[in-house]
Amino acid sequence: MTQIAASAFDRARPERSRRTQGDEDRAKTQRIIADFPILARPTSRGKRLVYLDSAATSQKPRAVIQALVDYYEQYNANIHRGVYEIAARATEEFEQARVKLARFIGADTPEVIWVRNTTEAINLVAYSWGSGNLKRGDAILLTELEHHSDLVPWQLLAERTGAELRFIPVDDRGIHVLDDLDRLLDGCKLVAIGHVSNTLGTIAPLETIIPRAHAAGAVVLIDGAQGAPHLPLDVKALDADFYTFSGHKMLGPTGIGVLYGKRALLEAMPPFFSGGDMIRKVEYAHTTFNEPPRKFEAGTSNIADAIAFGVATEYLQAAGMEWVRGHERQLTGYALERLAQFESRGLAIYGPRDPARISGVISFNFADIHAHDLASILDTEGVCVRAGHHCTMPLMDKMGWPATARASFYIYNTEADIDVLCDGIEKAGRVFGV
Amino acid sequence: MDDFYRDYILDHYRNPRNFGTLEKSDVEAEDLNPLCGDQIRMQLQLDDGVVKDVRFSGQGCAISQASASMLTEMVKGKKLSDVARLSKDVVLENVGIGISPTRMKCAMLGLRVLKSAAIGELAGWPDEE
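Residues numbered from 1 in each chain as written. Chains lettered and ligands numbered in written order. Predicted model: local features only at pLDDT ≥ 70, side-chain atom pairs only at ≥ 80, totals over all residues.

Enquirer: Tell me about the overall build of chain B, and please be specific about residues and values.
Expert: In terms of regular secondary structure, chain B is built from five helices and three strands. N-terminal to C-terminal, the α/β element order of chain B is α-β-β-β-α-α-α-α. The globule rule puts the C-alpha radius of gyration for 129 residues at 14 Å, and the 14 Å found for chain B is close to it. Projected onto its principal axes, the C-alpha coordinates of chain B cover approximately 45 × 25 × 25 Å. Here chain B, with 129 residues, has 39% of them falling under the buried criterion. Of the contacts made within chain B by residues no fewer than 6 positions apart, 68% connect residues no fewer than 24 positions apart. (Helix = DSSP H or I, 4+ residues; strand = E, 2+ residues; numbered from the N terminus. Rg over C-alpha atoms; globule rule 2.2 N^0.38 Å. Buried ≥ 20, exposed ≤ 12 C-beta atoms within 10 Å, placed from the backbone. Contact = placed C-beta atoms within 7 Å.)

Quick look at the structure:
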């Protein structure tokens, strides 16, 4: 399993390196692209696949796909039970994956709880921690940028407990406005913030918000669905109490995600789901629960996907998360520059314009072409972008956008991809006569 | 799909027919496509079971708006019972073949609203019973 760490792009690092930074970055990206089988498959129209929707889900490298196959072909067995060889190996690989995830985010291993995805992680906290810790008169503080998955669970929690929902506002470019933060934090028990906006790419000023939230006595949950895949991360340095993210947005399979929680919090929380594997001792009338993380992992886990998620984090670590961030920042800068050339013809770019404040996401509209029509025309050129409300309907309402097109970048994207995107936008302009 | 955005689709998108609202309507319905945010409202004026006038309003992509616009042209003068029986083939003929499955909901939104208005009127709306 672990041989993937030294993947192709690291072995092939050029020794004589007289190239410019840009060339080296390009060469590394080409080696990465070669690791993603789907990127070599042309579309049904014979176009090169230009995948610009990694904020929805990322593509998977061969090593991750192979890890799934290896589990099912070589050691498919249930974990934490069997005494036979393949069961022992399955348990070992599964628990090793937890170690890899802990290492990737800077956590202690028992603080990593497997869940299906970010949404499940947030719901787990909303029920298990929220129901016991919030009461009428308490406040929950979110931001106006939140994805529905970091909003609806808190709305339901507020309804159950009588707590009040508050929002950190954003300005018309989607940047957090912290002028009233102290007032908003007054009486606040929980702060839940997206690390990166999936609609606008805004990186939240966590280093400002988290210490002030703690000083006000609040527990802080970071929705890291768009953070963990793209930014160097150390949950201890960040001092987040909970951090949630999904495997499929960071080169891993669907159906597996992580809830990180500080050990003391996890130990004090009641189970969310109950059943097998999360118990210590069961009598007919009473049960003693297991320690975290297994207290929160009822039933047979998603074994193969957890193992493959571990491999995905190794792949990202081999590429280097500092490199990932730098690569995406540079691509975002290039994309903003190219898209700006259409502004005189009615293209509107939403969100922050400074690549330092965005993590690889750009939302836009072109004249009176509806985002879905734009996405359909881009599709004919092999370009995959998302169009719609991006599961942030309140933000769209606030900004007055019925829908936007969204391009999002990852480690396998290149400046050439952005050029194809711009050619597609040009084509849409021709079709619609703008 | 390359030729999906034909001139007449764009024409109906840019210059929708029967667009707006009726001050007095006998029956109306509204629906949206939550995935895309497309939204259509249809209003009908009836005369002895026949559609005398029709207006639609809403917002959304070219497919949803053009499809709704073309439908309004077809239903004027039709019996309400015939409107209730319109099939999706009518829409497919209007907008042309080759529409991708993901965009089918956009194309069918206007028809869905129109039919629910007609069927609701013929069968009685639940809140009137």
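That was the structure; now back to the text.
Enquirer: Break down the nonpolar core for me, with residues and values.
Expert: All names here are of chain A. Core analysis: the biggest nonpolar cluster contains 158 residues, and Ile105, Val191, Val258, Ile307 and Leu374 have the highest contact counts within it. The dominant element in this core, judged by the number of residues it contributes, is helix H11 (residues 303-319), at 11 residues. Split by domain, the residues of this core number at least three in each of domain 1 (19-48 + 320-432) and domain 2 (65-318). Ignoring anything within four residues of it in the chain, the contact list for isoleucine 105 reads Ala228, Leu233, Val235, Tyr243 and Tyr260. (Core = buried A, V, L, I, M, F, W, Y, C linked by C-beta atoms within 7 Å. Domains from an automatic or database assignment.)

Enquirer: Kindly report on the environment of Gln39(B), identifying the contributing residues and their values.
Expert: Residues and elements named next belong to chain B. As for its position among the elements, glutamine 39 is in strand S2 (residues 38-47). The sequence separation of glutamine 39 and glutamine 59 amounts to 20 residues, and the corresponding C-alpha distance is 5.3 Å. Dropping the residues within four chain positions of it, glutamine 39 is found in contact with Leu32, Gly58, Gln59 and Gly60.

Enquirer: Would you mind going over the environment of Asp241(A) in detail, with residue names and values included?
Expert: Residue and element names in this part refer to chain A. Topologically, aspartate 241 is positioned in the loop between helix H9 (235-238) and strand S7 (242-246). As a C-alpha pair, aspartate 241 and isoleucine 86 span 155 residues in sequence and 36 Å in three-dimensional space. Aside from chain neighbours lying at most four places away, what touches aspartate 241 is Val219, Val220, Leu221, Gly261, Lys262 and Leu265.

Enquirer: Can you lay out the sheet that holds strand S12 (residues 361-366) of chain A for me, pointing to particular residues and giving the numbers?
Expert: Residue and element names in this part refer to chain A. Read across the open sheet, the four strands follow the order S11-S12-S15-S14; overall the sheet is antiparallel. The sheet is open, and its two edges are formed by strand S11 (347-350) and strand S14 (386-388), each paired on a single side. Mean inter-strand twist for the sheet, computed between neighbouring axes without regard to direction, equals 30°. Looking at chain direction, S11 and S12 are connected through four bridges and run antiparallel. (Pairing = 2+ DSSP bridges. Axes fitted to C-alpha atoms, helices over the stretch in contact; angles between N-to-C directions.)

Enquirer: Could you give me a rundown of the sheet that holds strand S8 (residues 257-261) of chain A, with the residues and numbers involved?
Expert: All names here are of chain A. What the seven strands build is an open sheet, ordered S2-S8-S7-S6-S5-S3-S4; its pairing is mixed. Among the strands making up the open sheet, the edge pair consists of strand S2 (112-115) and strand S4 (164-168). Ignoring which end each strand starts from, the neighbouring axes of this sheet average 20° apart. Pairing analysis gives four bridges linking S2 to S8, with the strands arranged antiparallel. Paired with tryptophan 114 across the two strands is valine 258, which belongs to S8.

Enquirer: Just give me the short version of the domain arrangement of chain A, but keep the residues and values in it.
Expert: Residue and element names in this part refer to chain A. Assigned domains within chain A: domain 1 (19-48 + 320-432) and domain 2 (65-318). Tallying the contact residues gives 22 residues for domain 1 and 19 residues for domain 2. The element contributing the most residues to the side of domain 1 that touches domain 2 is helix H12 (residues 321-340), with five residues.

Enquirer: So what's going on with the pairing of strand S1 (residues 27-33) of chain B? Residues and values would help.
Expert: All names here are of chain B. Note: S1 against S2, seven bridges, orientation antiparallel. Bridged to aspartate 31 within S2 is isoleucine 40. Counting the residues between successive antiparallel strands, the hairpin from S1 to S2 contains four residues, one of them, glycine 37, with a positive phi of roughly 85°.

Enquirer: Can you explain the confidence of the model for chain B? Please cite residues and give values.
Expert: As a general rule, the predicted coordinates of low-pLDDT regions are not to be interpreted in detail. Residues and elements named next belong to chain B. Per-residue pLDDT for chain B has a mean of 89; in total, 95% of the residues score no lower than 70. Mean pLDDT values over the elements of chain B span from 89, in helix H4 (residues 88-95), up to 95, in strand S3 (residues 50-59). The complex model carries a pTM of 0.91, and its ipTM stands at 0.86. (pLDDT = per-residue confidence, 0-100.)

Enquirer: Which residues make up the confidence of the model for chain A, and what values go with them?
Expert: With 95% of its residues at a pLDDT of 70 or more, chain A has an overall mean of 94. Segment residues 1-20 of chain A is flagged for pLDDT under 50; beyond a separation of four residues in sequence, or across chains, it makes 27 contacts in the model.

Enquirer: I'd like a rundown of the interface of chain A and chain B, residues and numbers included.
Expert: Taken together, the 11 residues of chain A in the interface contact 13 residues of chain B. Elements with a contribution of two residues or more to the side of chain A that touches chain B: helix H13 (371-380) and helix H15 (415-432) of chain A. Here the side of chain A that touches chain B takes four residues from H13(A), the largest share from any one element. Within the side of chain A that touches chain B, the residues separate by chemical class into four nonpolar, six polar and one charged. (Nonpolar A, V, L, I, M, F, W, Y, C, P; charged D, E, K, R; others polar.)

Enquirer: So what about the packing of helix H2 (residues 62-75) of chain B against H4(B)? Which residues, and what values?
Expert: Relative orientation and spacing of two packed helices are given, respectively, by the angle between their axes and the distance between those axes. Residues and elements named next belong to chain B. Contact geometry for H2 and H4: axes closest at 10 Å, N-to-C directions at 110°. In terms of axis orientation, H2 runs roughly perpendicular to H4. The interaxial crossing formed by H2 with H4 has right-handed handedness. The segment H2 lies against H4, with Ile63, Ala66, Ser67 and Met70 engaging Val91, Asn94 and Val95. (Parallel < 35°, antiparallel > 145°, perpendicular 65-115°, else oblique. Left-handed = near helix turned anticlockwise from the far one by under 90°.)

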